[in-house]
Amino acid sequence: MISHEPHSRQTDVPNPSRTGMTFSSITADISHLPLERPRSRFWWTGFLVAFAGVMALVASIGWLFLRGVGVWGINMPVAWGFAIVNFVWWIGIGHAGTFISAILLLLHQRWRTSISRFTEAMTLFAVACAGIYPLLHLGRPQFFYWLVPYPDTMGLWPQFRSPLVWDVFAVSTYATVSLLFWYIGLLPDLATLRDKAGTRLKQRLYGLFSLGWRGDGRHWAHYERLYLTLAGLAAPLVVSVHSIVGLDFAVAILPGWHSTIFPPYFVAGAIFSGFAMVLTLVIPLRRVYRLENYITVRHLELMAKVLMAMGWIVAYGYFAEFFDAWRTGDLYERFVAANRATGPYAPWFWALMACNILAPQLLWPRALRQNTCVLFGVALAVNVGMWVERFIIVVTSLHRDFLPSSWGMYHPTFWDWTTFLGTIGLFVALLFLFLRFLPAVSMAEMRSLVGEKETHV
Amino acid sequence: MTARTQGILIEFTEPDGLLDAVRRAREAGFTRFETFAPYPVEDLEKVARRKPSPVPGIMLVAGLLGALGGFFLQVYAAQDYPVDVGGRPLFSWPAFVPVSFELGVLTAVLVGIATFLVRAGLPRYDHPAFAVKRFARASSDRFFLWLRDDDPQYSADAAQIFLDALKPESVTEVPA
């Protein structure tokens, strides 16, 4: 046996914001959450409340399958109710995760490192919630596979010129790519958990999912190129997905939907709502799990700035809708615009303006951006506002269209609400499971930051 | 020293220690060594003189093929089940762009991940280094170099000469 005396040296980072963060402290701080499971009372309370939501969702879906979509408030003229509102809301929330993990990676925004893993998980769970709605809304969900091209005996094909079919491809590609991107990013951290795990079962399970990762130079070489290319593909993908969601509306000739501003305006709205959701989740969790060293006030402040910038793009979208309606001179377009601001849904409309345009303006002073309570409040307001925005787009355009004789109102039912609350429960329950079993911050990427600082500073 | 070994596993506490060792290993003529690090150490592959990963190129080709395949699927569907909308052409290619794009991305990602797994040799659950207890820290805060005994340059003496120039944290034999 050839052996040498151990000589240990600290790998400190000469950066005041991360004083004392070392390779070993990163492993200890982050792997401690899934392996030791601290704050178990908080976890169980939160998880059980969310799980009650999951049960409500299961019951709502069961009832829907028994009785059909008539249990919802959808009818003529408003045939697209909560299902589509919630679908667009959830998928929009998901987009911030991809924006943070892919687009900010390509733009070399180092601060994304601490939040990317968590927001990718958020993306995945939001897409899972979103994906449920169009299937339920089909009416005959057992025939969902008719949307996929397969060699059928009827000689039929999906209508590839329809944005609704584009949506099937966009959302399923997005869900698959998000899952794989997240999983590949997890591999090195799963290996860390395998090596740190105390029990045989955990070693086996983390070992199984880590695919035998051992940090080999060749692993990293392929991994890095793959990860960067995946990010490069995810960036246009996320833009395409919400543009297509926007086209679901814009391709219809309905006043209030038929507008070229929709795809970019939807993408901005998606990132706006997604950042609001990230803030809503991260502000309490960093405190409960003592991750303030990793997700710092600076991170929150930067996210607040993105929130404000996106808020202004969304505000421009609202302005453009009204301007277009006026500029076209089209009677119906003008009526829909006026009806939104003064019609029976006017309180919703003005609530939307207050939540999405006024509330974020609170964040101009630095002191308020750094105040977690204010930031949390604004983020909540934007979450609500973005949900109301989709409600306004879907419902106000449909409820009074060309023929006054076919006008009507939309009344969501009990089952509409339980389905919606149920998906919130599903989303939160999945996040709780994620926090319990997987590392919420990417340890490998944090080590890269420490390592680079060390050699370059 | 009678037990059979598969070479030695050399441990470092710093990425620079590993980089230095790899540089010296190359200079000493070793080729079949493996490095292990808890994060992608910059320049490590360059110093080890290994070829860059072909993954992005393969993904580009796969993506283009996927997009083309998706496009022709739609063109074929439009002819096979013609829907005449006011005499508009059946070959309405702009409407086929979104699905072609999505299928291109999907193919690129699936093929890219498959290529990564094959090239990186994953999944692989048994590896000689796993038999060394200290190796558990390779995924956390230690850096390892495995000098394999099937390297043409490898011998106990050559390994000892190589080690004398280094300041490793520990050196362990890898059991066969």
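Bear in mind the structure is a predicted one, so any value in this text is a computation, not a measurement.

Caption draft 1: Spatial organisation of the overall build of chain B. In terms of regular secondary structure, chain B is built from 5 helices and 4 strands. Going from N to C terminus, chain B has its helices and strands arranged as β-α-β-α-α-α-β-α-β. Its C-alpha atoms give chain B a radius of gyration of 25 Å, clearly above 16 Å, the size a compact globule of 176 residues would have. Its C-alpha atoms give chain B principal-axis dimensions of roughly 85 × 30 × 30 Å.

Caption draft 2: Broad picture of the overall build of chain A. Helix and strand counts for chain A come out as 15 helices and 0 strands. Taking 2.2 N^0.38 as the reference for a compact globule, 457 residues should give roughly 23 Å; the C-alpha atoms of chain A span a radius of gyration of 24 Å, in line with that estimate. Principal-axis analysis of the C-alpha atoms places the extent of chain A at approximately 90 × 60 × 40 Å. Within chain A, the proportion of its 457 residues that are buried is 47%. At a minimum sequence separation of 6, the contacts of chain A that also span at least 24 residues come to 80%.

Caption draft 3: Layout of the sheet that holds strand 3 (residues 143-148) of chain B. Residue and element names in this part refer to chain B. Taken together, the 4 strands give an open sheet; going across it, the order is 2-3-1-4, and neighbouring strands pair in antiparallel fashion. Across the chains shown, the open sheet's two edge strands, defined by having one partner strand only, are strand 2 (33-36) and strand 4 (170-175). Geometrically, the sheet is characterised by an average inter-axis angle of 20° between neighbouring strands, direction not taken into account. Across 6 bridges, the pairing between strand 1 (residues 5-12) and strand 3 is antiparallel. Bridge pairing links glutamate 11 to phenylalanine 144 in strand 3.

Caption draft 4: Spatial organisation of the interface of chain B and chain A. Counting residues at the interface gives 62 residues for chain B, matched by 59 residues for chain A. Elements represented by at least two residues in the side of chain B that touches chain A include exactly helix 1 (15-27), strand 2, helix 2 (44-47), helix 3 (55-80), helix 4 (97-120) and strand 4 of chain B. Counting residues per element, the side of chain B that touches chain A draws most heavily on helix 4 of chain B, which supplies 14 residues. When the residues that make up the side of chain B that touches chain A are grouped by side-chain class, the tally is 39 nonpolar, 10 polar and 13 charged.

Caption draft 5: Here's a closer look at the domain arrangement of chain B. Taken domain by domain, chain B holds domain 1 (5-52 + 134-175) and domain 2 (55-120). One C-alpha centre belongs to domain 1 of chain B, the other to domain 2 of chain B, and the line joining them spans 44 Å.

Caption draft 6: Summary view of the nonpolar core. By size, the foremost hydrophobic cluster in this structure holds 177 residues, and its most contacted members are Ala126(A), Phe272(A), Phe275(A) and Leu145(B). With 17 residues, helix 3 (residues 82-106) of chain A is the largest single contributor of residues to this core. Residue-level mapping places this core at the junction of two domains, with at least three residues from each of domain 1 (5-52 + 134-175) and domain 2 (55-120) of chain B. Once residues within four sequence positions are removed from consideration, Leu145(B) is found in contact with Ile10(B), Leu18(B), Ala21(B), Val22(B), Ala25(B), Phe33(B) and Thr35(B).

Caption draft 7: Fine view of the environment of Ala56(A). Residue and element names in this part refer to chain A. For alanine 56, the position within the fold is in helix 2 (residues 40-67). Exposure remark for alanine 56: the 21 C-beta atoms within 10 Å place this residue in the buried category. The contact partners of alanine 56, leaving out residues within four places of it in the chain, are Thr418, Leu421, Gly422 and Gly425.

Caption draft 8: Structural view of unusual backbone geometry. Residues and elements named next belong to chain A. Residue proline 77 follows methionine 76 across a cis peptide bond; omega there is 5°. Non-glycine residue arginine 290 carries a positive phi angle of around 55°. With respect to the helices and strands, arginine 290 occurs in the loop between helix 8 (262-288) and helix 9 (297-328).

Caption draft 9: Local environment of helix 8 of chain A. Residue and element names in this part refer to chain A. With 27 residues, helix 8 extends 39 Å between its outermost C-alpha atoms, agreeing within 8% with the 39 Å of an ideal straight helix rising 1.5 Å per residue. Of all the bends in helix 8, the greatest reaches close to 25° and is centred on valine 282; the proline proline 284 follows between one and four positions later. Count one or two residues on from helix 8 and you reach arginine 290, which has phi positive near 55°.

Caption draft 10: Examining the pairing of strand 2 of chain B more closely. Residues and elements named next belong to chain B. Burial along strand 2 is two-sided: the face carrying Phe33 and Thr35 and the face carrying Glu34 and Phe36 are both buried. In the sheet, strand 2 pairs with strand 3 via 4 bridges, with the strands oriented antiparallel. If you follow phenylalanine 33 over to strand 3, its bridge partner there is leucine 147.

Caption draft 11: Examining helix 5 (residues 163-196) of chain A more closely. All names here are of chain A. For helix 5, with 34 residues, the first-to-last C-alpha span of 48 Å sits near the 50 Å given by 1.5 Å per residue. The axis of helix 5 is deflected most strongly, by about 45°, at leucine 187, and proline proline 188 appears within four residues downstream. Among the 34 residues in helix 5, 24 count as buried, and that is most of the element.

Caption draft 12: View of the packing of helix 3 of chain A against helix 13 (residues 372-399) of chain A. All names here are of chain A. Where helix 3 contacts helix 13, the two axes come as close as 9 Å, and the packing angle between them is 140°. Comparing their axes, helix 13 and helix 3 come out oblique. Relative to helix 13, the crossing made by helix 3 is right-handed. Two secondary-structure elements touch here, helix 3 through Ile84, Val85, Val88, Trp89 and Gly92 and helix 13 through Met386, Trp387, Arg390, Phe391 and Val394. For the contact of helix 3 with helix 13, the residue count by class is 8 nonpolar, 1 polar and 1 charged.

Caption draft 13: View of the packing of helix 7 (residues 217-250) of chain A against helix 3 of chain B. Remark: helix 7 of chain A packs on helix 3 of chain B, axes separated minimally by 9 Å, with the N-to-C direction vectors making an angle of 40°. Between helix 7 of chain A and helix 3 of chain B, the angle falls in the class oblique. On helix 3 of chain B, the residues that touch His222(A), Arg225(A), Leu226(A) and Thr229(A) of helix 7 of chain A are Val55(B), Pro56(B) and Met59(B).

Caption draft 14: Focus on the environment of Met443(A). All names here are of chain A. Relative to the elements of secondary structure, methionine 443 occurs in helix 15 (residues 443-456). In sequence terms methionine 443 and glycine 139 are 304 residues apart; their C-alpha atoms lie 45 Å from each other. With residues near it in sequence (within four places) discarded, methionine 443 still touches Ile26, Thr27, Ile30, Ser31, Asp189 and Thr192.

Caption draft 15: The arrangement of the confidence of the model for chain A in detail. Residues and elements named next belong to chain A. Taken residue by residue, chain A gives an average pLDDT of 88. The fraction at 70 or more is 95%. Mean pLDDT in chain A bottoms out at helix 15, which sits at 75, and peaks at helix 11 (residues 346-358), which reaches 95. For residues 1-17, every residue scores under 50 in pLDDT, and the model assigns this stretch 32 contacts once sequence neighbours within four places are set aside.

Caption draft 16: Main features of the environment of Asp167(A). Residues and elements named next belong to chain A. With respect to the element layout, aspartate 167 can be found in helix 5. Between the alpha carbons of aspartate 167 and glycine 81 there is a distance of 18 Å; along the sequence they are 86 residues apart. If we skip the residues at most four places from it in the chain, aspartate 167 touches Ile244, Val245 and Asp248.

Caption draft 17: Fine view of the confidence of the model for chain B. All names here are of chain B. With 98% of its residues at a pLDDT of 70 or more, chain B has an overall mean of 87. When pLDDT is averaged over each element of chain B, helix 4 comes out on top at 95 and helix 5 (residues 156-164) at the bottom at 78. As a predicted assembly, this complex carries a pTM of 0.90 together with an ipTM value of 0.91.

Basis of the calculations
- Residues numbered from 1 in each chain as written.
- Chains lettered and ligands numbered in written order.
- Predicted model: local features only at pLDDT ≥ 70, side-chain atom pairs only at ≥ 80, totals over all residues.
- Helix = DSSP H or I, 4+ residues; strand = E, 2+ residues; numbered from the N terminus.
- Rg over C-alpha atoms; globule rule 2.2 N^0.38 Å.
- Buried ≥ 20, exposed ≤ 12 C-beta atoms within 10 Å, placed from the backbone.
- Contact = placed C-beta atoms within 7 Å.
- Pairing = 2+ DSSP bridges.
- Axes fitted to C-alpha atoms, helices over the stretch in contact; angles between N-to-C directions.
- Nonpolar A, V, L, I, M, F, W, Y, C, P; charged D, E, K, R; others polar.
- Domains from an automatic or database assignment.
- Core = buried A, V, L, I, M, F, W, Y, C linked by C-beta atoms within 7 Å.
- Expected span 1.5 Å × (residues − 1).
- Bend = angle between axes of the 7 residues up to and from the residue.
- Parallel < 35°, antiparallel > 145°, perpendicular 65-115°, else oblique.
- Left-handed = near helix turned anticlockwise from the far one by under 90°.
- pLDDT = per-residue confidence, 0-100.

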